[in-house]
Amino acid sequence: MQPWISLTSRKLRPLVLGIETSCDETGAAVVDNKGNVLGEGLYSQKNIHVRNGGIIPPLAQHLHRQHIDGVVQEALRTAGITIQDVSAVATTIMPGLALCLTVGLEYSKELVRKAGLPFIPIHHMEAHALTVRMIQQVHFPFLVLLVSGGHCILAVARGVGDFLVLGNTVDDAPGEAFDKTARRLHLHHHPECSGLSGGQAIEKMAAKGTDRTLFHQKDVGGFKERDCNFSFAGIKQILSQFITRQEVNEGIYDQQPPAFVSNLHDIAASFQQRLTQQITLKLIRAFEYCRQTELITQPQSALVVSGGVASNAYIRNALDIVCARHNYKLVCPPPHLCTDNGIMIAWAGMERFKLGLGFAEDPQSVRFEPRFPLGEDISEKVRDANIKVERIQFWKSEQTKKDRS
């Protein structure tokens, strides 16, 4: 990849500047039509929000406003170009935190107005779904699992801007459940978890766990329904009650500063496994639904997994095992592209640019949408299919066994 390209090459090769401010990352990047990342700027608010125990939207908005221009200029500088060399600007406008989305959108409107550039509004979750096509060949249609702090979506990607949603989260998203569980275990006070997000802290503690069987309530929401929707509130509530009983029994309930339960690692491991079990169960049902309805027919089809939670190695390993059993190929962007960044927004813009799709006729009239579906919701059709599936016990180290679910 050349960090600088000639003026002649710029005319032959379109460049898209992507801008991301939907949550707690201020990102910008320049990509070309071949998927080369020419320049990037990124400011992460993660450490600030970890110290606060969660994202505070007004603070996140302030930090975006403070850093967005510097991040964009860094992307242009490292690309060796100016804004006049850019072919279009693509910006996240949905879904996300309203106070954060407005920063990126307002900045982009002013930028395209001054530079006279086309503007491409981007759906944040579609950008996650398409990122992998920037680095390897993945043909439509493919199945996509998007797991992040605010979302858990199973969908069939039929084309750019064309998604069928098989299932969605009905309460907490996986990342939210990880964060709340980490706070309930007081991991932000744990010396081994300093500076880590909730999900990273749970994964680190779970790696030392030897008993992953603390939670096995079969009627917890998300397991008994024969659909592809996700529910993580039930296991989170059961876990909180379990921790409270442990703290009372050990005489450390409400202790200040907080003390850690003796089986901390096993609790983290059991929670992580239970959450992963639900994800794999819904995924297996999605495989079967796509087979029955012929939504995906090609052999060795792709499952694209992206979003911040997709960086979890335990979850990835489980998905790899499940995919192998169902003749799917697991495809994930590298971890740094699974979390929010400007690169994925730029590439989603480039996908649309190449097809001549999604250009805003009047950029100044574009509005952000904190909540907006990825595509057509067919989750009720999946439920009506009433598909019973075999659960793969991915955690078995020697031999994979099955039990009817």
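Rules of the game
- Residues numbered from 1 in each chain as written.
- Predicted model: local features only at pLDDT ≥ 70, side-chain atom pairs only at ≥ 80, totals over all residues.
- Heavy atoms only, no water.
- Phe/Tyr/Trp six-rings, centres within 6.5 Å; stacked < 30°, edge-to-face > 60°.
- Buried < 20%, exposed > 50% of the residue type's maximum accessible area, 1.4 Å probe, protein only.
- Helix = DSSP H or I, 4+ residues; strand = E, 2+ residues; numbered from the N terminus.
- Axes fitted to C-alpha atoms, helices over the stretch in contact; angles between N-to-C directions.
- Parallel < 35°, antiparallel > 145°, perpendicular 65-115°, else oblique.
- Left-handed = near helix turned anticlockwise from the far one by under 90°.
- Contact = heavy atoms within 4.5 Å.
- Nonpolar A, V, L, I, M, F, W, Y, C, P; charged D, E, K, R; others polar.
- Pairing = 2+ DSSP bridges.
- pLDDT = per-residue confidence, 0-100.

Trainee: Can you help me understand the packing of aromatic side chains in this one?
Mentor: What describes a pair of aromatic rings is the distance from one ring centre to the other and the angle between the planes of the rings. Applying the stated rule across the entire model yields six aromatic pairs. Taken together, a centroid distance of 6.2 Å and an interplanar angle of 15° make the contact between Phe230 and Phe232 stacked. As far as burial versus exposure is concerned, Phe230 and Phe232 are alike and both buried. Ring plane angle 75° and centroid distance 6.1 Å describe the contact between Tyr314 and Phe394, whose orientation is recorded as edge-to-face. With Tyr314 in helix 10 (residues 313-325) and Phe394 in the loop between strand 12 (390-392) and strand 13 (402-404), this residue pair connects regions lying 80 residues apart in the sequence. Phe394 gets classed as buried once you look at its relative accessible area, which sits at 6%.

Trainee: What's the story with the packing of helix 3 (residues 57-79) against helix 4 (residues 98-115) in this structure? I'm lost.
Mentor: Helix-helix packing is characterised by the crossing angle of the two axes and by the distance between the axes. Close contact between helix 3 and helix 4 brings their axes to 8 Å; oriented N to C, the two are set at 25°. One element, helix 3, and the other, helix 4, form an angle in the roughly parallel class. Viewed along their axes, helix 3 and helix 4 form a crossing whose handedness is right-handed. Here Pro57, Pro58, Ala60, Gln61, His64, Arg65, Ile68, Asp69, Val72 and Gln73 of helix 3 come into contact with helix 4, specifically with Leu99, Cys100, Thr102, Val103, Gly104, Glu106 and Tyr107. In the contact of helix 3 with helix 4, the residues fall into nine nonpolar, five polar and three charged.

Trainee: Which parts of the structure should I look at to understand the sheet that holds strand 2 (residues 25-32)?
Mentor: Sheet strands pair by backbone hydrogen bonding; their relative direction is either parallel or antiparallel. Spatial strand order, 3-2-1-4-5: five strands in an open sheet with mixed pairing. Of all the strands in the sheet, the pair left with one neighbour each is strand 3 (37-44) and strand 5 (119-123). Going across the sheet, the axis of each strand differs from the next one's by a mean of 20°, ignoring polarity. Each of strand 1 (15-20), strand 2 and strand 3 is contacted by helix 3, which is oriented at about 160° to strand 3, the strand it contacts most. Its contacts with the sheet place helix 4 against strand 1, strand 4 (88-94) and strand 5, and it is angled at close to 155° to strand 4.

Trainee: Hey, could you run me through helix 6 (residues 174-184) in this one?
Mentor: The α-helix winds at 3.6 residues per turn, so residues separated by three or four positions along the chain end up facing the same way. For helix 6, every residue scored as buried is listed here: Pro174, Gly175, Ala177, Phe178, Thr181, Ala182 and Arg184. Contact partners of the buried residues in helix 6: strand 6 (142-147), strand 7 (152-159), helix 7 (198-206), helix 8 (233-249), helix 9 (264-293) and helix 10.

Trainee: Help me understand the pairing of strand 1 in this model?
Mentor: In the case of a regular strand, side chains alternate between the two sheet surfaces. Here strand 1 lies mainly inside the structure; six of its six residues are buried. Both faces of strand 1 are covered, namely the face carrying Leu15, Leu17 and Ile19 and the face carrying Val16, Gly18 and Glu20. Across six bridges, the pairing between strand 1 and strand 2 is antiparallel. Pairing of Leu17 across the sheet is with Val30, part of strand 2. The turn linking strand 1 back onto strand 2 is made up of four residues.

Trainee: Help me out: how do you make sense of the confidence of the model for the chain in this one?
Mentor: Low-pLDDT stretches of the model should not have their predicted coordinates read in fine detail. In this model, the chain carries a mean pLDDT of 91, and residues with pLDDT of at least 70 account for 93%. pLDDT under 50 marks residues 1-10. Its contacts with residues more than four places away, or in other chains, come to 20 contacts. Overall, residues 397-405 carries pLDDT values under 50, and its contacts beyond four positions in sequence, including any with other chains, amount to 21 contacts.

Trainee: Where do I start with the environment of Gly342 in this structure?
Mentor: Summarising the element assignment, Gly342 is placed in helix 12 (residues 342-355). Exposure remark for Gly342: the relative accessible area of 0% places this residue in the buried category. Taking C-alpha positions, Gly342 is 5.2 Å from Ile19, a pair spaced 323 residues apart along the chain. Not counting the four nearest positions on each side in its chain, Gly342 is found in contact with Gly18, Glu20, Gly27, Ala28 and Ala29.

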